[in-house]
Amino acid sequence: QVQLVESGGGLVQAGGSLRLSCAASGRTFSYYGMGWFRQAPGKEREFAAAITTNGGRTIYADSVKGRFTISRDNAKNTVYLQMNSLKPEDTAVYYCASKDPNYSEYVWNRVSAYAYWGQGTQVTVSS
């Protein structure tokens, strides 16, 4: 089992930046692809970004491409989401998740592809 704890959320003005972190327990962190999702009030949870086990490939939703950067440090069991040029529509609770190793390697943007989830961290972008 993997336990995930997000941090780094907060209130920021439009155009600003935040860096989210997700710390994972266990020694098998490097075995898992990792993803970041977000959920705004009254909306479904949506995919934001993902990264493969060794960080060699990253995947982004169109809505965040060019503004967000996902990275990982396997030595620290941590995945990051650097968020720049933030917009009010980025306001949401952000969740990190570890991908089910048995799920298709070609699918990264589905909630069902991920086995373990953190508790979420709130990001609020004011206009």
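The residue count restarts for each chain, going from 1 along the sequence in the order it is written. Selection of residues for local features in this predicted model requires a pLDDT of at least 70, selection of side-chain atom pairs for listing and counting requires 80 or more, and totals for whole chains, interfaces and linings are taken over all residues. Hydrogens and water molecules were not included; the side-chain quantities draw on all heavy atoms of the structure.

Turning our eyes to something else, we now look at the state of the cysteines. Counting rule for disulfides: a pair of cysteine sulfur atoms within 2.5 Å. For the structure on display, the rule yields 1 disulfide. In this model Cys22 forms its disulfide with Cys96; the gap between the sulfur atoms is 1.9 Å. Because the sign of the S-S torsion sets the handedness, a value of about 45° for the bond joining Cys22 and Cys96 places this disulfide among the right-handed ones. Of this pair, Cys22 sits in strand S3 (residues 18-24) while Cys96 sits in strand S9 (residues 92-99), placing them 74 residues apart in sequence. Like Cys22, the residue Cys96 is buried in the burial classification. Comment: elements are numbered from the N terminus, with helices defined as DSSP H or I runs of at least four residues and strands as E runs of at least two. When a residue's accessible area, from a 1.4 Å probe over protein chains only, is under 20% of the maximum for its type it is buried; when over 50% it is exposed; and in between it is partly exposed.

Moving on, we come to the packing of aromatic side chains. Within 6.5 Å between ring centres, the rings of Phe, Tyr and Trp (the latter by its six-membered ring) count as paired, and their orientation is classed by plane angle as stacked under 30 degrees, edge-to-face over 60, tilted in between. In the structure shown here, the tally under the stated rule is 4 aromatic pairs. The interplanar angle of 75° and the centroid separation of 5.6 Å between the aromatic rings of Phe37 and Phe47 together place this pair among those described as edge-to-face. Here Phe47 lies in strand S5 (residues 46-51) and Phe37 lies in strand S4 (residues 34-39), a separation of 10 residues in the sequence. Clustering of aromatic rings is evident, with ring pairs tying together Phe37, Phe47, Tyr114 and Trp117. Lying over the aromatic face of Phe29, Arg72 brings its terminal NZ or CZ to 4.4 Å of the ring centre. For a ring to carry a charge above it, either NZ of a lysine or CZ of an arginine must fall within 6 Å of the ring centroid while also lying within 35 degrees of the normal to the ring plane.

Our next topic: unusual backbone geometry. In this model, Asn77 sits at a positive phi of 55°, which is unusual for a non-glycine residue. As for its position among the elements, Asn77 is in the loop between strand S7 (68-73) and strand S8 (78-83). Even without being glycine, Ser85 reaches a positive phi, approximately 50°. Within the fold, Ser85 resides in the loop between S8 and S9.

Another aspect to go through is the pattern of salt bridges. Salt bridges, as used here, are contacts in which a Lys or Arg side-chain nitrogen is within 4 Å of a carboxyl oxygen on Asp or Glu. Evaluation of the coordinates by the stated rule reveals 4 salt bridges. The salt bridge partner of Asp90 is Arg38, with a shortest N-O separation of 2.8 Å. Taken as a pair, Asp90 in the loop between S8 and S9 and Arg38 in strand S4 lie far apart in primary sequence, 52 residues in all. Arg38 matches Asp90 in its accessibility class, with the two residues each being buried. Across the pair Asp90 and Arg67 runs a salt bridge, and its minimum N-O distance is 2.7 Å. With Asp90 in the loop between S8 and S9 and Arg67 in the loop between strand S6 (58-60) and S7, this residue pair connects regions lying 23 residues apart in the sequence. Classification of Arg67 by relative accessible area gives buried; the value is 11%. The structure contains a network of salt bridges with shared partners spanning Arg38, Glu46, Arg67 and Asp90.

Before going further, it helps to examine the environment of Lys43. As for its placement among the helices and strands, Lys43 is situated in the loop between S4 and S5. Sequence separation of Lys43 and Ala92 is 49 residues, and the distance between their C-alpha atoms is 9.5 Å.

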